[in-house]
Amino acid sequence: SIDAVRIGKKLYSFLLLMVLSVVGGLICAGMLVPVVSLASSASNGMADFVTSLPTSLDEWQRAERSTLTNSDGTLLATFFDENRIYKSLDEIAPVMVTAQVAIEDHRFYEHGPMDLQGTLRAFLSTSQGVTQGGSSITQQLVRSVLVLNAEAKGDKQAKTLATEQTMARKVRELRYAISVEETMTKDEILEAYLNISYYGGGAYGVEAAAQHWFGVSADQLDLAQAAMLAGLVRNPYKTDPVRFPQEGIERRNNVLDRMAELALITEAERDAAKQVPFDPTKVKEVPNGCLSSPYPFICQFAENTILKKATSLGDTEEERKLALYRGGLQITTDFDVKSQKAAQKKISSMIDPKDPVISLIGFLEPGTGRVIAMAQSRPKMGFNYKTDKAGNVVYKNGDPVEKWKGETFYNYFVSRDMGGADGFHGGSTFKMFVVAAALNEGYGVNVRFNAKSSMQFQGKTFESCDGPFEQINPWEVTGGAGVINMLSGAAGSVNTYFAQLEESVGMCEVTTMAETLGLKLAAGGSVVENYDHIPAFTLGAVEATPISMLEAYATIASGGIHCDATIISTITSSITGEELEAPDGNCKRVISKDLAAGVAKVLRGSVEHGTSRYVRVPGVQMAGKTGTVPLNRSVWQMAFTPQLVGAAMVSYDNNPRFAKYWKSKYSFLRNIVLPVSGTYISGQSGSTTGQMLQPVFATVVKRVTGGKYKNFPEPSSKIWNGDGSKLLPLPSCTGDSVGSCKSQLTAKGFSVDVEKKKKYDDSPEGTVIAMKPSGKAARYSTITLTVSKGPKPEPEPDPATVVDPNQPTQTTDPQQPEQAQQPEQQTPQTPQG
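The present account deals with the structure reproduced in this document. Note that the structure is a prediction, hence the values are computed from the model and not measured. (Residues numbered from 1 in each chain as written. Predicted model: local features only at pLDDT ≥ 70, side-chain atom pairs only at ≥ 80, totals over all residues. Heavy atoms only, no water.)

1. A look at the nonpolar core
Of all hydrophobic cores here, the largest spans 110 residues; its most connected members are Phe433, Met486, Tyr497, Leu501, Phe537, Ile571 and Phe640. Core analysis: the second largest hydrophobic core is formed by 53 residues, Ala209, Trp213, Ala227 and Leu232 among them. (Core = buried A, V, L, I, M, F, W, Y, C linked by side-chain atoms within 4.5 Å. Buried < 20%, exposed > 50% of the residue type's maximum accessible area, 1.4 Å probe, protein only.)

As structure tokens, this is what we get:
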């Protein structure tokens, strides 16, 4: 009706007046001129609102993707909230710049902070509830920066304000736009715009977009490619040329038409570009994170090291994550790719990812903590779901269909907070901690115990850090070798010897030493607080992380320097060009060089003539220790030189999916054939893991040393023989009867061993003539008694030497001169070792 038309005209005039008032006030405010010319009270209110707005943007929290590469140039992963690679304007093809300006703001170089014509149109549309473009490139840049800054700060309210469809947002953008154009040149604004805009497919900025859609860099874009990218900015989803090919090509052609209309290209160039087909096979997805890394668990360890320890990127883990995913960091690692491949090849040749076991081979550099390799029997990170030919997960009734593929998200080397699982019992590899504690307490290697084939420790008293405690529950230890010293006990990995040595030294001293050397629990927490009251500690009944086992043995190998395992070499900001401090091994001396030398020498025996002999590398001085967990649940081999520490482990997998399989195996890994790979596992640590580790260790030690192998230093006599400071005085019972002497010794807590073969002595038969050791001995240790057989009887006379008194005595012939007596020939004596 005529009345409706009149009302509509009046409404339009009113809205136009409001918009002109707002814009006029905005311009005045932007030029620091008081807004006094707005006509109505409503206009005066708007003027107050405009003058209260800030006049400049915060520093642009520019988000760029970070890259993780190895020192050999291998790309391990990219990390990003927004996949962006910043490029300067002169690094972007001119045709791309031209296309973007043509379709978004062709008067960009002519107008000020806003295109007044487009802005008025947008205001009117927004006021009527219809969202419409019209913002200048500067205004679009402002909006994107506000969103980026809000995301960088985690400010959800600020992000909402930056994206809401209201006049207030438009006013804020215009006010900021004025400030931007006062502080930046047009080229600087355009460069920022081309780097901040979203071009679909997860690509932010023209460089990432060029790589994603066409597999080229931004400076290599041609006309057809540039037109397609320029067209994506307005609606990157609906014009996605992969999802919506027709809409994508139509939008590209619209850009080409606009460029020709503005005489930026010729009609012939336009027509030729329109004939260029889009090739979806050139689209390159950029994986985000470690899932698609060629070494996903190395990558995961590096990422978590950044998040947990890279304090140069922020004080909190949240700040460091923002830096990693938005900070444009160039991070390099320095693990050895060839060593990693060798370790992985060995494991994969023996164990299938779907086998019901978990196997590891890893190497660490002593003195730096550098991770050289970390290989595991499940090397692929991922979900165990059924997928179709295109790689998409298959669903049934809304849930993904499970299919065991031997994939995992666990890095089995590390603790839970670093992406690991439950850890593993270390078996007899923990005896190294008892050796170190005993030598540190001045025991020396000659401390002797009667290592019986089976010993029950229920009722025995042990020392925790809180004082003595009694082993209440039954604890039977098997595996003995008679009366032996530490060297024999370590070489043969004699359980009953080390249970007694631990009892003598003290649980507090042993667990404190383990923690000092670097042992860590998979679940976190203190080794001492959790295990100083559990005597089975010496047999490795602890859920420890394999990486910390490498660290602990590396402390001995390095001569007493403990380093945290680390893999980050450098961190550089591509935004500022600054090299940031990378997390290092935090290396520090924790025990003396002499003590480390003593432990290494004891463990050399395990390799040279003991249970670790299978890992021996000819021409290389090595030390090591095997480990077998009760019922053969896990088997280990630790091996080290002053330049390299290696570990190999095979453990049964306690995942419920394998419960039925293991239910029928009383002794777990003992003499089994793995169901998928068909590999025979003997369950003996030396023969299983020793032979697994040996060829890889030989390869890696040659790589890291260049064939120039170092030997371990020799320990001092004080460490090797002990200083006696923590030994207990022995009662002097030589000359006493065996029964009396045994009573005196057992009353002091010592055990007694009597030599079966008695010796002749002037002492009465049955009395004690010698004690080994004498003077002092370790608490609870075994004292060997030598017993007298009585005086040695006089020998029977030789009949041939008896002189017959009836026979004449022979005299010297006076005519023969007496021969000079010759000195007796002496045989040089060899010093006794």
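2. Thoughts on empty space enclosed by the protein
Where empty space is left in the structure can be found by rolling a water-sized probe over the atoms. For the structure shown, the criterion picks out one cavity of 30 Å³ or more. What lines the largest cavity is simply Leu364, Glu365, Pro366, Gly367, Gly369, Glu551, Ala554, Thr555, Ser558, Ile561 and Cys563. If one sorts the elements of the lining of the largest cavity by residue count, helix H21 (residues 546–557) sits on top with three residues. Of the residues that constitute the lining of the largest cavity, the class distribution is five nonpolar, four polar and two charged. (1 Å grid on protein atoms, 1.4 Å probe; cavity = no way out; pocket = protein on both sides within 12 Å on 5 of 7 lines; lining within 4 Å. Points joined across faces, edges and corners; volume = space filled by probe spheres on them. Helix = DSSP H or I, 4+ residues; strand = E, 2+ residues; numbered from the N terminus. Nonpolar A, V, L, I, M, F, W, Y, C, P; charged D, E, K, R; others polar.)

3. Some points on the sheet that holds strand E1 (residues 66–70)
Within the open sheet, the five strands sit side by side as E2-E1-E5-E17-E18. Their pairing is mixed. If you trace the sheet from one side to the other, it starts and ends with strand E2 (75–79) and strand E18 (579–580), each paired once. Bridge count between E1 and strand E5 (residues 329–333): four bridges; the pairing is parallel. Paired with Asn70 across the two strands is Thr333, which belongs to E5. Contacting E1, E2 and E5, helix H14 (residues 317–326) runs over the sheet at an angle of about 95 degrees to E5. (Pairing = 2+ DSSP bridges. Contact = heavy atoms within 4.5 Å. Axes fitted to C-alpha atoms, helices over the stretch in contact; angles between N-to-C directions.)

4. Structural notes on the packing of helix H3 (residues 94–104) against helix H10 (residues 223–232)
Put simply, H3 and H10 touch, their axes get as near as 8 Å, and they point 40 degrees apart. Classified by the interaxial angle, the pair formed by H3 and H10 is oblique. Relative to H10, the crossing made by H3 is right-handed. Note on element contacts: H10 touches H3 through Leu223, Ala226, Ala227, Leu229 and Ala230, opposite Val95, Met96, Ala99, Gln100, Ile103 and Glu104. For the contact of H3 with H10, the residue count by class is nine nonpolar, one polar and one charged. (Parallel < 35°, antiparallel > 145°, perpendicular 65-115°, else oblique. Left-handed = near helix turned anticlockwise from the far one by under 90°.)

5. Section: a nonpolar patch on the surface
Among the surface-exposed residues, Leu291, Phe383 and Phe409 lie close enough to one another that they form a single nonpolar patch of about 280 Å² accessible area. Its place among the elements puts Leu291 in the loop between helix H12 (267–274) and helix H13 (296–309). Judged by its relative accessible area of 44%, Leu291 is partly exposed. (Patch = residues over 30% accessible without salt bridge, like charges linked within 9 Å, V, L, I, M, F, W, Y side chains within 5 Å. Areas by Shrake-Rupley, 256 points an atom, 1.4 Å probe, with all protein chains shown as cover. Salt bridge = Lys/Arg side-chain N within 4 Å of Asp/Glu carboxyl O.)

6. Focus on unusual backbone geometry
For the bond from Lys772 to Pro773, the omega torsion is -5 degrees, close enough to zero to count as cis. Of note, Pro773 is situated in the loop between strand E28 (768–772) and strand E29 (776–777). Even without being a glycine, Ser493 presents a positive backbone phi close to 50 degrees. Tracing the backbone shows Ser493 in the loop between helix H17 (486–491) and helix H18 (495–505).

7. Re the packing of aromatic side chains
Considering all chains together, one arrives at 29 aromatic pairs under this definition. With centroids separated by 4.6 Å and ring planes inclined at 55 degrees, the aromatic side chains of Tyr652 and Phe668 adopt a geometry described as tilted. Of the two residues, Tyr652 sits in strand E22 (residues 644–652) while Phe668 sits in the loop between helix H23 (659–663) and strand E23 (672–673), which places them 16 residues apart along the sequence. The buried category is assigned to Phe668, whose relative accessible area is 11%. For the cation-ring pair, Lys321 lies above Tyr325, with the distance from its terminal atom to the ring centre recorded as 6.0 Å. (Phe/Tyr/Trp six-rings, centres within 6.5 Å; stacked < 30°, edge-to-face > 60°. Lys NZ or Arg CZ within 6 Å of the ring centre and 35° of its normal.)

8. Focus on the packing of H10 against helix H11 (residues 245–261)
Remark: H10 packs on H11, axes separated minimally by 8 Å, with the N-to-C direction vectors making an angle of 105 degrees. Taken as axis vectors, H10 and H11 run roughly perpendicular relative to one another. Across from Leu223, Ala224, Ala227, Met228, Ala230 and Gly231 in H10, the residues of H11 making contact are Gly248, Ile249, Arg251, Arg252, Val255, Leu256 and Met259. When the residues that make up the contact of H10 with H11 are grouped by side-chain class, the tally is nine nonpolar, two polar and two charged.

9. Overview of the environment of Asn655
If you trace the backbone, Asn655 turns up in the loop between E22 and H23. With relative accessibility at 30%, the residue Asn655 sits in the partly exposed group. Between the C-alpha atoms of Asn655 and Pro356, which are 299 residues apart in sequence, the distance is 8.3 Å. At 2.9 Å, the side chain of Asn655 and the backbone nitrogen of Arg657 are in polar contact. (Polar contact = N/O pair within 3.5 Å; in protein donor to acceptor, adjacent residues only side chain to side chain.)

10. With respect to the layout of surface pockets
Space inside the second largest pocket adds up to approximately 670 Å³. Residue lining of the second largest pocket: 28 residues in total, with Ser428, Thr478, Ser493, Asn495 and Thr628 positioned closest to the centre. Of all elements in the fold, only strand E14 (476–478), strand E20 (623–628) and helix H24 (685–705) reach the threshold of two or more residues within the lining of the second largest pocket. In terms of residue class, the lining of the second largest pocket is made up of eight nonpolar, 16 polar and four charged.

11. Describing a positive patch on the surface
A contiguous patch of positive charge, built from Lys757, Lys759, Lys772 and Lys789, is present on the exposed surface. Considering the arrangement of structural elements, one finds Lys772 in strand E28. (Lys, Arg positive; Asp, Glu negative; His and termini not counted. Charge placed at Lys NZ, Arg CZ, Asp CG, Glu CD.)

12. Examining the sheet that holds strand E21 (residues 634–641)
The sheet built from five strands is open, its strands ordered E7-E6-E22-E21-E20 with antiparallel pairing. The outermost strands of the open sheet, each flanked by one partner alone, are strand E7 (371–376) and E20. On average, each strand axis in the sheet is inclined to that of its neighbour by 5 degrees, with strand direction left out of account. Relative to E22, strand E6 (residues 357–364) runs antiparallel, the two sharing eight bridges. Looking across to E22, one finds that Leu360 is bridged to Met649. The strands touched by helix H15 (residues 337–350) are E6 and E7; relative to E7, the strand with the most contacts, the crossing angle is about 25 degrees. Seen against the sheet, H24 touches E6, E7, E20, E21 and E22 and runs at an angle of roughly 150 degrees to E22.

13. Notes on the state of the cysteines
For the structure shown, the criterion picks out four disulfides. The disulfide partner of Cys290 is Cys299, and the gap between their sulfur atoms is 2.0 Å. The sign of the -75 degrees torsion about the S-S bond sets the Cys290-Cys299 disulfide as left-handed. Overall, the relative accessible area of 7% leaves Cys290 in the buried class. Residue Cys299 is classed as buried on the basis of its relative accessible area of 0%. Paired by a disulfide, Cys563 and Cys587 hold their sulfur atoms 2.1 Å apart. Note on the Cys563 and Cys587 pair: the S-S dihedral is about 120 degrees, so by sign convention the disulfide is right-handed. In this pair, Cys563 sits in the loop between strand E16 (561–562) and strand E17 (568–573) while Cys587 sits in the loop between E18 and strand E19 (588–589), placing the two residues 24 residues apart along the sequence. Of the residues examined, Cys563 reaches a relative accessible area of 4% and is grouped as buried. Residue classification places Cys587 among the partly exposed positions, given a relative accessible area of 37%. (Disulfide = S-S within 2.5 Å.)

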